[in-house]
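Notes for the structure review
Listed here are the chains, written in short residue letters.
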Amino acid sequence: MDDLHDLQEMGPVDYLCIEFPPGSRPGEGLPHIVSLVDRGIIRVLDLRFLRKAADGTVNELVGEQIDDGLALFQGAASGMLGGDDLEDAAKVLEPGSSAALIVYENVWAAPFAISVRKAGGQVIAGGRIPIQSLLAALDASERDYVGS
């Protein structure tokens, strides 16, 4: 992480574990990350790929094992993702699936984060709402509205 600038100047850092079931095409979806990086919206700090075999064994994908569409991400490694993170991801993967684990800085939010820190504030909680949960909540709200 040699190029990681002063932590006080960074935006919030998030992580994602994205599962790709058998037959999916990760090489088509993930390259959009490059556009986010190019536009200064995020900065990728770490990116690792896993595959869980049908028998449950998990391997990290490296070099030629990575699809051509994902090869551009090789070398995005800050050391933030460790063995425990890979083990945790492996536990939730379905057999036959692969996964991308990504740690990224939200560069777009850095000015806000810096101003909050300078004012003495700090983030004490955060989270992410999966799209599936939002859709379920909207469906439930629509059913409640129709039912009233």
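Preceding this section is the structure that the text describes.
The notes below deal with the structure included here. (Residues numbered from 1 in each chain as written. Predicted model: local features only at pLDDT ≥ 70, side-chain atom pairs only at ≥ 80, totals over all residues. Heavy atoms only, no water.)

Quick notes on the environment of Gly126
Short version of the rule: Numbered from the N terminus, helices here are DSSP runs of H or I no shorter than four residues, and strands are runs of E no shorter than two.
By the secondary structure assignment, Gly126 is in the loop between α4 (110–118) and α5 (131–147). For the pair Gly126 and Asp14, spaced 112 residues apart in sequence, the C-alpha to C-alpha distance is 9.9 Å.

A look at helix α3 (residues 83–92)
Quick reminder of the rule: The classification of residues rests on relative accessible area computed with a 1.4 Å probe and restricted to protein chains. Under 20% of the type maximum is buried, over 50% is exposed, and intermediate values are partly exposed. What the arc describes is the spread of directions from the helix axis to the C-beta atoms. In what follows, residue pairs with any heavy atoms lying within 4.5 Å of each other are defined as contacts.
For α3, every residue scored as buried is listed here: Leu86, Ala89 and Ala90. One side of α3 holds all its buried residues, which, seen down the axis, span an arc of 100°. Opposite the packed face of α3, turned more than 90 degrees from it, sit the exposed residues Asp84, Lys91 and Val92. Residues of α3 that are buried in the fold lie against β1 (13–20), β2 (42–52), β3 (58–61) and β4 (98–106).

Things to note about the pattern of salt bridges
Quick note on the threshold: Think of a salt bridge as a Lys or Arg side-chain nitrogen and an Asp or Glu carboxyl oxygen that are within 4 Å of each other.
Overall, the coordinates contain four salt bridges when judged by the stated rule. Asp88 is the salt-bridge partner of Lys91, the closest N and O atoms lying 3.9 Å from each other. Taken together, the positions of Lys91 and Asp88, both in helix α3 and three residues apart, correspond to about one turn of that helix. Given a relative accessible area of 44%, Asp88 falls into the partly exposed group.

Side note on the layout of surface pockets
Just so we agree on the cut-off: Lining residues are defined by having an atom within 4 Å of a point belonging to a cavity or pocket. Those points lie on a 1 Å grid over the protein atoms alone, cavities being sets where a 1.4 Å probe fits but cannot get out and pockets being open sets with protein on both sides within 12 Å along at least five of seven lines. Grid points are joined across faces, edges and corners, and a volume is the space filled by probe spheres set on the points.
Put simply, the largest pocket is a space of about 420 Å³. Pro12, Val13, Asp14, Val123 and Ala125 are the residues nearest the centre of the largest pocket, which is lined by 16 residues in total. For the lining of the largest pocket, the secondary structure elements donating two or more residues are β1 and α4. The leading source of residues in the lining of the largest pocket is α4, at four residues.

Section: the sheet that holds β4
The condition that has to hold: DSSP calls a pair of strands paired once it identifies at least 2 bridges connecting them. Between N-to-C directions, angles cover 0 to 180 degrees, with each direction set by a line fitted to C-alpha atoms, over the stretch in contact for helices.
Spatial ordering of the open sheet is given by β1-β4-β2-β3, a layout of four strands whose pairing is antiparallel. Of all strands in the sheet, those with a lone pairing partner are β1 and β3, marking the two edges. Strand-to-strand, the axes of this sheet are offset by a mean angle of 25°, without reference to chain direction. Bridge analysis of β1 against β4 gives eight bridges, and the strand direction is antiparallel. In the strand pairing of β4, Asp14 is matched with Tyr104. In this fold α3 packs onto β1, β2, β3 and β4, with an angle of close to 55° to the strand it touches most, β2.

Observations concerning the pairing of β2
Residues in a regular strand point their side chains to alternate faces of the sheet. Extensive coverage of β2 is indicated by the burial of nine of its eleven residues. For β2 and β4, the ladder comprises nine bridges, and the chain directions are antiparallel. In the sheet register, Phe49 faces β4, and the bridge partner there is Ala100. Relative to β3, β2 is paired through four bridges, and the arrangement is antiparallel. Opposite Arg51, over in β3, you have Asn59 as the bridge partner. Hairpin connection of β2 to β3: five residues between the antiparallel strands, including Gly56 at a positive phi of 95°.

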